[in-house]
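A closer look at the structure
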Amino acid sequence: MNNFENTVGFITGGAAGIGLGVGRALGRQGMTLVLADVEADTLDAAARELRAEGIKVHTEVLDVRDADAYRQVAERTLAEHGKVNFLFNNAGVGGGHFPAGETPLQDWQWVVDVNLLGVVYGVEFFLAAMRALGEPCYIINTASLAGHVANPGMAAYCATKFAVVGYSEALRHELQGSAIEISVLCPAWVKTRIAESRRNHPDAEEAANASGSTDGMNKVGEIIANEGISVEALAERVVRGMETSTFYLFTHAKFWPAVQERLERITRDYQEVMPD
């Protein structure tokens, strides 16, 4: 997909960070944007920025955990715009930084609801209309490098990102031969506020008292500040990946050895069941 004129894109987590960066890049190329986000004030500010650039943008305040609300937003979007060509299931949270056995169950539920089910709802509520459209369409699901390489203290986050990778791989098979292409975005560090995502935790008091999690996420925030790429660079990677129909959208060459080590470990362990 390399022509974005007269297309409509629906982007969750669209008020800031990766969602806003990708939206801006595509809006500059003619796409009409529907940005959805849980943060109403931030969403309004983002829309003003984009409109000042001449980008067509509409907004929807949406908590992607809420299936009924998501369904209503999807129906309203399709009714008002007639179609969605680009679906960017991007909303996500960092969760926290807890060791196994000490992770609050409400955190597990929160991370699964946003990072995994938020992606599922997007596909379930838009895919039928995209199939019926008969125009080139594209779905991008935001996973993470943590969907290929696990990290200690981030079990809930890694579990959901591995799940998004697997879900996207299944969709890739199902969509073969259709007008709908799909990619899974697997970035490493990007300069976003994901380390601060507990600001939207459903239990604000619990989140404020989670000192262990706060300490861990502060360290993540420091790494992002020092090593993260810009959202503009990330958006350029996404647009280029859509133009080349690249399925796995990676961002950081330096982490290839970690991915390769996992692949080698799988290959080695699989040899135990291979015939001599």
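This text goes with the structure placed above it.
Just so we're clear, the structure is a prediction, and the values are computed from it rather than from any experiment. (Residues numbered from 1 in each chain as written. Predicted model: local features only at pLDDT ≥ 70, side-chain atom pairs only at ≥ 80, totals over all residues. Heavy atoms only, no water.)

Brief notes about the side chain of Asn-115
Checked against the element boundaries, Asn-115 lands in helix H4 (residues 105-133). Taking relative accessible area as the criterion, Asn-115 reaches 0% and is therefore assigned buried. Within the local environment of Asn-115, its side chain forms a polar contact with the backbone nitrogen of Val-93, the two atoms lying 2.8 Å apart. Asn-115 has contacts with Ala-91, Gly-92, Val-93, Tyr-157, Thr-160, Lys-161 and Val-164, leaving out every residue within four places of it along the chain. (Helix = DSSP H or I, 4+ residues; strand = E, 2+ residues; numbered from the N terminus. Buried < 20%, exposed > 50% of the residue type's maximum accessible area, 1.4 Å probe, protein only. Polar contact = N/O pair within 3.5 Å; in protein donor to acceptor, adjacent residues only side chain to side chain. Contact = heavy atoms within 4.5 Å.)

So, the packing of aromatic side chains
Each aromatic ring pair is specified by the distance between its two centres and by the angle formed by the two planes. Under the counting rule described, the total for this entry stands at eight aromatic pairs. Residues Tyr-70 and Tyr-121 carry aromatic rings whose centres are separated by 6.5 Å and whose planes lie at 80° to one another, so their mutual orientation is edge-to-face. Separated by 51 residues along the polypeptide, Tyr-70 in helix H3 (residues 67-81) and Tyr-121 in helix H4 bring together distant segments of the chain. In this structure Tyr-70 comes out as buried when scored by relative accessible area, which is 0%. When its relative accessible area of 17% is taken as the criterion, Tyr-121 is described as buried. Clustering of aromatic rings is evident, with ring pairs tying together Phe-10, Tyr-70, Tyr-121, Phe-125 and Phe-126. In this arrangement the basic side chain of Arg-172 is found over the ring face of Phe-247, its NZ or CZ atom lying 5.2 Å from the centre. (Phe/Tyr/Trp six-rings, centres within 6.5 Å; stacked < 30°, edge-to-face > 60°. Lys NZ or Arg CZ within 6 Å of the ring centre and 35° of its normal.)

Description of the pattern of salt bridges
Counted under the stated rule, the structure contains eight salt bridges. A salt bridge links Glu-53 to Arg-28, with the nearest nitrogen and oxygen atoms 2.9 Å apart. Of this pair, Glu-53 sits in the loop between helix H2 (40-52) and strand S3 (57-61) while Arg-28 sits in the loop between helix H1 (17-27) and strand S2 (32-37); the two residues are 25 residues apart in sequence, bridging distant segments of the chain. One network of salt bridges, with partners in common, ties together Arg-24, Arg-28, Glu-49 and Glu-53. (Salt bridge = Lys/Arg side-chain N within 4 Å of Asp/Glu carboxyl O.)

Describing the nonpolar core
Nonpolar side chains tend toward joint burial in soluble globular proteins. Counting 38 residues, the largest nonpolar core has Phe-10, Tyr-70, Phe-126 and Ile-139 as its most contacted members. When residues of this core are traced back to their parent elements, those giving at least two are strand S1 (8-12), S2, H3, H4, strand S5 (137-142), helix H5 (155-175) and strand S6 (180-186). Looking at this core element by element, the count peaks at eleven residues for H4. Beyond its immediate sequence surroundings of up to four residues, Phe-126 is in contact with Phe-10, Tyr-70, Ala-74, Thr-77, Leu-78, Val-84 and Leu-87. Ranked by size, the runner-up nonpolar core spans 30 residues in total, among them Leu-20, Leu-33, Leu-43 and Ala-47. (Core = buried A, V, L, I, M, F, W, Y, C linked by side-chain atoms within 4.5 Å.)

Describing the packing of H1 against helix H8 (residues 231-244)
Packing of H1 against H8 brings their axes to within 8 Å, and their N-to-C directions diverge by 60°. Judged on the interaxial angle alone, H8 and H1 are oblique. For the element pair H1 and H8, the recorded crossing hand is right-handed. Here H1 contributes Gly-17, Ile-18, Gly-21, Val-22, Ala-25 and Leu-26 to the contact with H8, which in turn contributes Val-231, Leu-234, Ala-235, Val-238 and Val-239. Taken together, the residues that form the contact of H1 with H8 break down as nine nonpolar, two polar and no charged. (Axes fitted to C-alpha atoms, helices over the stretch in contact; angles between N-to-C directions. Parallel < 35°, antiparallel > 145°, perpendicular 65-115°, else oblique. Left-handed = near helix turned anticlockwise from the far one by under 90°. Nonpolar A, V, L, I, M, F, W, Y, C, P; charged D, E, K, R; others polar.)

Considerations on the sheet that holds strand S4 (residues 86-89)
The seven strands lie next to each other as S3-S2-S1-S4-S5-S6-S7, forming an open sheet whose pairing is parallel. In this open sheet, the two edge strands, each paired with only one partner strand, are S3 and strand S7 (248-250). The average undirected angle you get between the axes of adjacent strands in this sheet is 15°. Bridging between S2 and S3 involves five bridges; their strand directions are parallel. For Asp-37, the partnering residue across the bridge sits in S3 and is Val-61. (Pairing = 2+ DSSP bridges.)

Here's the deal with the pairing of S2
Among the six residues in S2, six count as buried, and that is most of the element. Here S2 shows two buried faces, one formed by Thr-32, Val-34 and Ala-36 and the other by Leu-33, Leu-35 and Asp-37. In this sheet, S2 lies alongside S1 in parallel orientation, the contact comprising five bridges. Note that in S2 the partner of Val-8 across the bridge is Thr-32. Assessed by its sense of winding, the connection that carries the chain from S1 through H1 to S2 is right-handed. Of the crossover connections in this fold, the one passing from S2 over H2 to the parallel S3 is right-handed. (Right-handed = clockwise from strand over helix to strand, strands pointing away.)

Let's talk about the packing of H4 against H5
Where H4 contacts H5, the two axes come as close as 8 Å, and the packing angle between them is 15°. By the angle between their directions, the pair H4 and H5 is classed as roughly parallel. In this structure, H4 crosses over H5, and the sense of that crossing is right-handed. Residue-level inspection shows Trp-108, Val-111, Val-112, Asn-115, Leu-116, Val-119, Val-120, Val-123, Glu-124, Leu-127 and Arg-131 of H4 in contact with H5, the latter providing Ala-155, Ala-156, Tyr-157, Ala-159, Thr-160, Lys-161, Ala-163, Val-164, Tyr-167, Leu-171, Glu-174 and Leu-175. In the contact of H4 with H5, the residues fall into 17 nonpolar, two polar and four charged.

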